[in-house]
Amino acid sequence: MPNNQKFNYAFIDGQNLYRGTKKLGWELDYKKLRIYLQEKYHVRKAFMFVGYIKTNESLYEFLRKTGYQLIFKPITITKEGKVKGNVDVDLTVHTLINIVDYNRAIIISGDGDFYALLQHLISRNKLQNIMLPNKNECSWMLKRFRKYFVEMNDLQSKLKYKKSASEF
């Protein structure tokens, strides 16, 4: 591919991705996902949006080495003790700021809060796909974008984390 040709970018709602595949009963291999995005969709940059938790620093380092560009959001803890790192606005803003730099965007989330972003990307012919971490957890608001869906439920055999013999 010539140097002046644009590539695709992925914008990943990290919490939605993690929780979605976990609820399906399998653990995602982030390295396999990054390779899949590169090979299948020619993703040059994969931005992952996550709430920052200091104790997860080794995970963040692994993700960086695997090829993700991490965008952190400060977390809050609810009265019930639930950790919240709402990344929706950050993901939307970064997708729009970078819109001239990529050919098409892959959005990885099933969150209905991205409805307006998805409409805008479609109007600009910039949406490649919406990868749903868990089709059963997909917001009803996204159903109108069905033709763009890639269901990660169907990618489990390719993207599931498998422990190596040394990890047993």
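Residue positions are given per chain, counting from 1 as you read along its sequence in written order. Thresholds applied to this predicted model are a pLDDT of at least 70 for local features of residues and 80 or more for the giving and counting of side-chain atom pairs; totals over whole chains, interfaces and linings are not thresholded and use all residues. Only hydrogens and water are set aside; all other atoms, that is, all heavy atoms of the structure, feed into the side-chain values.

Per the secondary structure count, the protein chain includes six helices and eight strands. Here the globule rule is a power law, 2.2 Å times the number of residues to the power 0.38, and the radius of gyration is based on C-alpha atoms. For the protein chain, whose C-alpha radius of gyration is 16 Å, the value lies close to the compact-globule estimate of 15 Å for 168 residues. Within the protein chain, buried positions represent 42% of all 168 residues. Per-residue and other accessible areas were derived by the Shrake-Rupley procedure at a 1.4 Å probe size, with only the shown protein chains allowed to occlude residues. For the protein chain, the exposed surface amounts to about 9,700 Å²; the carbon and sulfur share of it is 51%. When charges are tallied, Lys and Arg are placed among the positive residues and Asp and Glu among the negative ones, while His and the ends of the chain are skipped. For this purpose, a charge sits on NZ of Lys, CZ of Arg, CG of Asp or CD of Glu. One way to put it: in the protein chain the 29 positive side-chain charges average out to a point 4 Å from where the 16 negative ones average out. Only runs of H or I of at least four residues qualify as helices and only runs of E of at least two qualify as strands under DSSP, and these elements are numbered from the N terminus. Note on classification: 1.4 Å probe, protein chains only; a residue is buried when its accessible area is under 20% of the maximum for its type, exposed when over 50%, partly exposed between these limits.

Attention now moves to the packing of aromatic side chains. Any two rings among Phe, Tyr and Trp, with Trp reduced to its six-membered ring, count as a pair given centres within 6.5 Å; such a pair is stacked if its planes are under 30 degrees apart, edge-to-face if over 60, and tilted if neither. Within the structure shown, the criterion is met by 10 aromatic pairs. Against the face of tyrosine 102 rests lysine 126, its NZ or CZ located 5.2 Å from the ring centre. Here, a charge over a ring is recorded when the distance from Lys NZ or Arg CZ to the ring centre is within 6 Å and its angle to the ring normal is within 35 degrees.

What follows deals with the pattern of salt bridges. Salt bridge criterion: a side-chain nitrogen from Lys or Arg within 4 Å of a carboxyl oxygen from Asp or Glu. Here the structure, examined in full by the defined rule, presents five salt bridges. One salt bridge in this structure joins glutamate 137 and lysine 23, with 3.4 Å as the shortest N-O distance. You can see glutamate 137 sitting in the loop between β7 (127-132) and β8 (149-151) and its partner lysine 23 sitting in helix α1 (residues 14-23), a full 114 residues away along the chain. The partner of glutamate 61 in a salt bridge is arginine 64, with the nearest N and O atoms 3.3 Å apart. On the criterion of helical spacing, the pair formed by glutamate 61 and arginine 64 is a turn pair, its members being three residues apart in helix α3 (residues 57-66). Each of Glu57, Glu61 and Arg64 takes part in salt bridges that share partners, so that together they form one network.

With that settled, consider unusual backbone geometry. Unlike most non-glycine residues, histidine 42 shows phi in positive territory, near 55°. In this fold, histidine 42 is placed in the loop between α2 (30-41) and β2 (43-51). One non-glycine residue, asparagine 125, lies in the positive phi region at around 55°. Looking at where asparagine 125 falls in the secondary structure, it is placed in the loop between α5 (115-123) and β7.

The next thing to look at is a nonpolar patch on the surface. Residues Val89, Val93 and Ile97 make up a contiguous nonpolar surface patch of about 280 Å² in total accessible area. With respect to the element layout, isoleucine 97 can be found in helix α4 (residues 88-97). Patch membership requires over 30% relative accessible area and the absence of a salt bridge. Like charges are linked within 9 Å, and nonpolar side chains (Val, Leu, Ile, Met, Phe, Trp, Tyr) within 5 Å.

Because the α-helix completes a turn every 3.6 residues, residues three or four places apart line up on one side. Every buried residue of α1 is accounted for by Gly14, Leu17, Gly20 and Thr21. Buried residues in α1, looked at end-on, bunch into an arc of 145°, giving them a common side. Backbone geometry just after α1 places glycine 25 at a positive phi near 95°. What the arc describes is the spread of directions from the helix axis to the C-beta atoms.

Pairs of strands are assigned from DSSP output, requiring at least two bridges between the strands. With respect to topology, six strands assemble into an open sheet ordered β3-β2-β1-β6-β7-β8, the strand pairing being parallel. Two strands close off the open sheet at either side, each with one partner strand: β3 (68-73) and β8. Pairs of neighbouring strands in the sheet enclose a mean axial angle of 20°, with direction left out of account. The sheet contact formed by strand β1 (residues 8-13) and β2 spans six bridges and is parallel. Residue pairing for β2: asparagine 8 is matched across the bridge by valine 43. This element, α1, spans β1, β2 and β6 (105-108) of the sheet and lies at about 70° to β1. The contact rule is simple, with two residues in contact once any of their heavy atoms fall within 4.5 Å. Here an axis means a line fitted to C-alpha atoms, over the contact stretch when the element is a helix, while the angle between two N-to-C directions is reported on a 0 to 180 degree scale. In the packing of α3 onto the sheet, contacts are made with β2 and β3, and the angle to β3 comes to roughly 145°.

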